[in-house]
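Examining the three-dimensional arrangement
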Amino acid sequence: GGVPPATDLVLGATAGCLACFLTNPLEVVKTRLQLQGELQPPGTYPRPYRGVLRAAVAVCRADGLRGLQKGLAAGLLYQGLMNGVRFYCYSHAEDAGWTGYPGGTVAAGAVAGAVGAIVGSPAYLVKTHLQAQTLSAMAVGHQHNHEVSGDGVAVGGHRGFGGTLSAHTSGSSGDDAILLATFASAKDWVCERQWFRKGSWAAVLAGGMVSGVAVAVTMTPFDVISTRLYNQPVDADGTGKLYRGFLDCILQISSKEGLLGLYKGIGAVYFRLGPHTVLSLFFWDKLRNM
């Protein structure tokens, strides 16, 4: 509390962009792992990406060191829009006293995440396309082969937006509900037990790490679905050629890849989400204090 919502919009956007710059390489790896073996039974497809570290090395070999920062400009735009809006909305909920009611933090996080996802969704689509794009020998998923300028502008970046919004909004709203609620609760919990001093950077980091675990375990299926829906090829009218929508994507992945297909790249999700959650919340918390 004590920070105007308009200020939280700027601070949230800044925090998200700072975290994105440091964790975008893990986002690239996560995208490749989630698209690998799309709609194919386990063991029937080549795996150029195996695990987080080996996948990162494979990206470097195919695209050079710069390949680990593919889609960075679009990622910064997405994080700036999404984080700015979600922290702005959450700050409004705090000022209105909604977070003081039972379940208020979860509800406020869900609403803030949904609004942020809607605003940032087009940039997320462009980011996903650019991060999946690579040499044919290492390609996984559909290759859109956009013409890019400064790695941030993609031709046809908004196509298919309507069909994918539900998955990304559901995932992001749940992500933010868990993230914001567990962060606040965990930070208070460790301070109450005097493990860390209230307001210290260690208390902020501890709260962020707990949030990262909770979000990674709960939201990886939504993340996989979002990546698949955003990256699928589409017709001229924007209709997806692989998935008809959110539920169809779940059913197809489960039937053809098994239930574990919904958890592809979970290691990369946590290794990316843990640091990203810690850093974004750490920057946000410290900027608010300043």
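Source: prediction; values computed, not measured.

Basis of the calculations
- Residues numbered from 1 in each chain as written.
- Predicted model: local features only at pLDDT ≥ 70, side-chain atom pairs only at ≥ 80, totals over all residues.
- Heavy atoms only, no water.
- Helix = DSSP H or I, 4+ residues; strand = E, 2+ residues; numbered from the N terminus.
- Buried < 20%, exposed > 50% of the residue type's maximum accessible area, 1.4 Å probe, protein only.
- Contact = heavy atoms within 4.5 Å.
- Disulfide = S-S within 2.5 Å.
- Patch = residues over 30% accessible without salt bridge, like charges linked within 9 Å, V, L, I, M, F, W, Y side chains within 5 Å.
- Areas by Shrake-Rupley, 256 points an atom, 1.4 Å probe, with all protein chains shown as cover.
- Salt bridge = Lys/Arg side-chain N within 4 Å of Asp/Glu carboxyl O.
- pLDDT = per-residue confidence, 0-100.
- Axes fitted to C-alpha atoms, helices over the stretch in contact; angles between N-to-C directions.
- Parallel < 35°, antiparallel > 145°, perpendicular 65-115°, else oblique.
- Nonpolar A, V, L, I, M, F, W, Y, C, P; charged D, E, K, R; others polar.
- Phe/Tyr/Trp six-rings, centres within 6.5 Å; stacked < 30°, edge-to-face > 60°.
- Lys NZ or Arg CZ within 6 Å of the ring centre and 35° of its normal.

1. Points about the environment of Ala 74
Here Ala 74 lies in helix H3 (residues 72-96). Assessed through its relative accessible area of 3%, Ala 74 is described here as buried.

2. Re the environment of Cys 17
With respect to the helices and strands, the residue Cys 17 is situated in helix H1 (residues 5-35). Apart from the residues within four sequence positions on either side, Cys 17 is in contact with Leu 76, Gln 79 and Gly 80.

3. A look at the state of the cysteines
Applying the stated criterion across every chain yields a total of zero disulfides. A disulfide-free cysteine, Cys 20 has its sulfur positioned 6.7 Å from the sulfur of Cys 17, the nearest such atom. A residue is classified by how much of its surface remains accessible, and Cys 20, at 5% relative accessible area, is buried.

4. A few points about a nonpolar patch on the surface
Together, Leu 77, Leu 81, Val 111, Val 115 and Val 119 line one region of the surface with nonpolar side chains, adding up to about 370 Å² of accessible area. Elements represented by at least two residues in the nonpolar patch include exactly H3 and helix H4 (104-132). Among the elements that take part in the nonpolar patch, H4 stands out by supplying three residues, more than any other. Summarising the element assignment, Leu 81 is placed in helix H3. Classification of Leu 81 as partly exposed rests on a relative accessible area of 32%.

5. Comments concerning the confidence of the model for the protein chain
Averaged over all residues, the pLDDT of the protein chain equals 83, while 86% of them reach at least 70. Looking over the protein chain, one finds the lowest element-wise mean pLDDT in strand S2 (residues 153-154), namely 46, and the highest in helix H2 (residues 52-63), namely 96. Of the regions scoring below 50 in pLDDT, residues 149-160 engages in 29 contacts with residues more than four places distant in sequence or in other chains.

6. Details of the packing of H1 against H4
The axes of two packed helices give the description: the angle between them and the distance between them. At a minimum axis separation of 9 Å, H1 and H4 run at an interaxial angle of 75°. Between H1 and H4, the angle falls in the class roughly perpendicular. For the pair H1 and H4, the contacting residues are Asn 24, Glu 27, Val 28, Lys 30, Thr 31, Arg 32 and Leu 35 in the first and Tyr 124, Lys 127, Thr 128, Gln 131 and Ala 132 in the second. Residue classes in the contact of H1 with H4 are distributed as four nonpolar, four polar and four charged.

7. Topic: the pattern of salt bridges
Side-chain pairing between opposite charges can occur once the charged atoms of the two side chains come close. For the structure on display, the rule yields 10 salt bridges. Measuring nitrogen to oxygen at the nearest pair gives 2.7 Å for the salt bridge that ties Lys 127 to Glu 27. Taken together, the positions of Lys 127 in helix H4 and Glu 27 in helix H1 put the pair 100 residues apart, joining distant regions of the chain. Since its relative accessible area comes to 3%, Lys 127 is described here as buried. Judged by relative accessible area, which is 6%, Glu 27 ranks as buried. Members of the salt-bridge network, linked through shared partners, are Glu 27, Lys 30, Lys 127 and Asp 223.

8. Looking at unusual backbone geometry
You will see that Leu 39, though not glycine, has its phi angle at about 60°, which is positive. Among the structural elements, Leu 39 can be located in the loop between H1 and H2. On the basis of relative accessible area, Leu 39 is assigned to the buried category, the value being 18%.

9. Structural notes on the packing of aromatic side chains
Under the criterion given, the structure shown has three aromatic pairs. Ring plane angle 55° and centroid distance 5.2 Å describe the contact between Tyr 124 and Tyr 230, whose orientation is recorded as tilted. Of this pair, Tyr 124 sits in helix H4 while Tyr 230 sits in helix H6 (residues 201-231); the two residues are 106 residues apart in sequence, bridging distant segments of the chain. Of the two residues, Tyr 124 and Tyr 230, both sit in the buried class. Ring plane angle 15° and centroid distance 6.0 Å describe the contact between Phe 222 and Phe 246, whose orientation is recorded as stacked. A residue pair is termed long-range when its members are at least 10 positions apart, and Phe 222 in helix H6 and Phe 246 in helix H7 (residues 246-257) qualify at 24 residues. An aromatic cluster of three or more residues is present, and its members are Tyr 78, Tyr 124 and Tyr 230. Over the ring of Tyr 124 we find Lys 127, and its NZ or CZ is 4.3 Å from the ring centre.

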